[in-house]
Amino acid sequence: MENRKLKGWIIQTLFITIAGLFIIYSGLRIWIWSDANQFAKTASEKFNTDKTAALLIYLDSDKITLKEKNKAVWALGVLKEKEALPQLEMLYTGDTCKHDDAICQYELYKAIHKIKGDFRGSWQVKN
């Protein structure tokens, strides 16, 4: 009888743990997507154009900081904006990142591969 109770408790605990992790994972994905979408919406309102075009304007502008450009690259990747792929690929050199002088090459790499659908996470980078 004790053995059945223990098994039931283990199964219940495992189920609750998995459900909790799924909820946390889903919440984080929604939060990230929402943040990227809000950034794109702000850019869209700033340049009075659609979100993708506005984020691409960020990348070309001399008046936008590197931090904002990197966030635009990140948002394009999160939102999987296929129209941005040619410009992102043009900016990607594969060189070492020089965060004081240029858009982050790793952010470009991630965005390109997210849009293409073959990037899962930083722990699963395909070289």
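These numbers were taken from a predicted model, which means no experiment stands behind them.

It is not clear to me how the packing of aromatic side chains should be interpreted in this structure. Could you clarify?
Each pair of aromatic rings is reported with the distance of its centres and the angle of its planes. Under the definition given, this model contains three aromatic pairs. Considering the side-chain rings of Tyr-92 and Tyr-109, the 6.1 Å spacing of their centres and the 45° angle between planes classify their relative orientation as tilted. One end of the pair, Tyr-92, is in the loop between helix 4 (85-91) and helix 5 (105-116); the other, Tyr-109, is in helix 5, and 17 residues separate them in sequence. Look at Tyr-92 and you get partly exposed, because its relative accessible area is 32%. Look at Tyr-109 and you get buried, because its relative accessible area is 13%.

Where do I start with the nonpolar core in this structure?
Generally speaking, a soluble globular protein has its nonpolar side chains buried in company with each other. Grouped together as the largest cluster of nonpolar side chains are 25 residues, with contacts concentrated most on Leu-55, Leu-59, Val-73, Leu-76 and Leu-88. Looking at this core, the elements that each hand over two or more residues are helix 1 (2-47), helix 2 (51-60), helix 3 (66-78), helix 4 and helix 5. Apart from the residues within four sequence positions on either side, Leu-88 is in contact with Leu-59, Val-73, Leu-76, Leu-108, Ala-111, Ile-112 and Ile-115.

Is there a simple way to explain the packing of helix 1 against helix 2 in this structure?
Packed helices, taken two at a time, are described by the angle between their axes plus the distance between the axes. The N-to-C vectors of helix 1 and helix 2 enclose an angle of 80°; their axes lie 8 Å apart at closest approach. Our classification of the angle between helix 1 and helix 2 gives roughly perpendicular. Where helix 1 approaches helix 2, its residues Asn-37, Phe-39, Ala-40, Lys-41, Ala-43, Ser-44, Lys-46 and Phe-47 are matched on the opposing element by Lys-51, Ala-54, Leu-55, Ile-57 and Tyr-58. A breakdown of the residues in the contact of helix 1 with helix 2 according to their chemical character gives eight nonpolar, two polar and three charged.

I keep staring at helix 2 and nothing clicks. Help me out?
Residues three or four positions apart in an α-helix share a direction because the helix packs 3.6 residues into each turn. Of all the positions in helix 2, only Thr-52, Ala-54, Leu-55, Leu-56, Tyr-58 and Leu-59 are classed as buried. Residues of helix 2 that are buried make contact with helix 1, helix 3 and helix 4. Backbone nitrogen of Thr-52 and a side-chain oxygen of the N-cap are separated by 3.1 Å at the start of helix 2; the cap is Asp-50.

Looking at this model, I keep getting lost on helix 5. Mind explaining?
Compared with an ideal rise of 1.5 Å per residue, which puts 12 residues at 16 Å, helix 5 spans 16 Å between its outermost C-alpha atoms and is within 8% of the ideal. Taken across its 12 residues, helix 5 has nine buried, putting it largely inside the fold. Residues of helix 5 that are buried include every one of Gln-105, Glu-107, Leu-108, Tyr-109, Lys-110, Ala-111, Ile-112, His-113 and Ile-115, and no others. Turning to helix 5, the residues buried within the fold contact helix 3 and helix 4. Gly-117 sits one or two residues past helix 5 and shows a positive phi near 85°.

What is the right way to look at the environment of Leu-76 in this model?
On the secondary structure map, Leu-76 appears in helix 3. Residue Leu-76 is classed as buried on the basis of its relative accessible area of 0%. For the pair formed by Leu-76 and Leu-88, sequence separation is 12 residues and the distance between their alpha carbons is 9.1 Å.

Cut-offs used in this document
Residues numbered from 1 in each chain as written. Predicted model: local features only at pLDDT ≥ 70, side-chain atom pairs only at ≥ 80, totals over all residues. Heavy atoms only, no water. Phe/Tyr/Trp six-rings, centres within 6.5 Å; stacked < 30°, edge-to-face > 60°. Helix = DSSP H or I, 4+ residues; strand = E, 2+ residues; numbered from the N terminus. Buried < 20%, exposed > 50% of the residue type's maximum accessible area, 1.4 Å probe, protein only. Core = buried A, V, L, I, M, F, W, Y, C linked by side-chain atoms within 4.5 Å. Contact = heavy atoms within 4.5 Å. Axes fitted to C-alpha atoms, helices over the stretch in contact; angles between N-to-C directions. Parallel < 35°, antiparallel > 145°, perpendicular 65-115°, else oblique. Nonpolar A, V, L, I, M, F, W, Y, C, P; charged D, E, K, R; others polar. Polar contact = N/O pair within 3.5 Å; in protein donor to acceptor, adjacent residues only side chain to side chain. Expected span 1.5 Å × (residues − 1).

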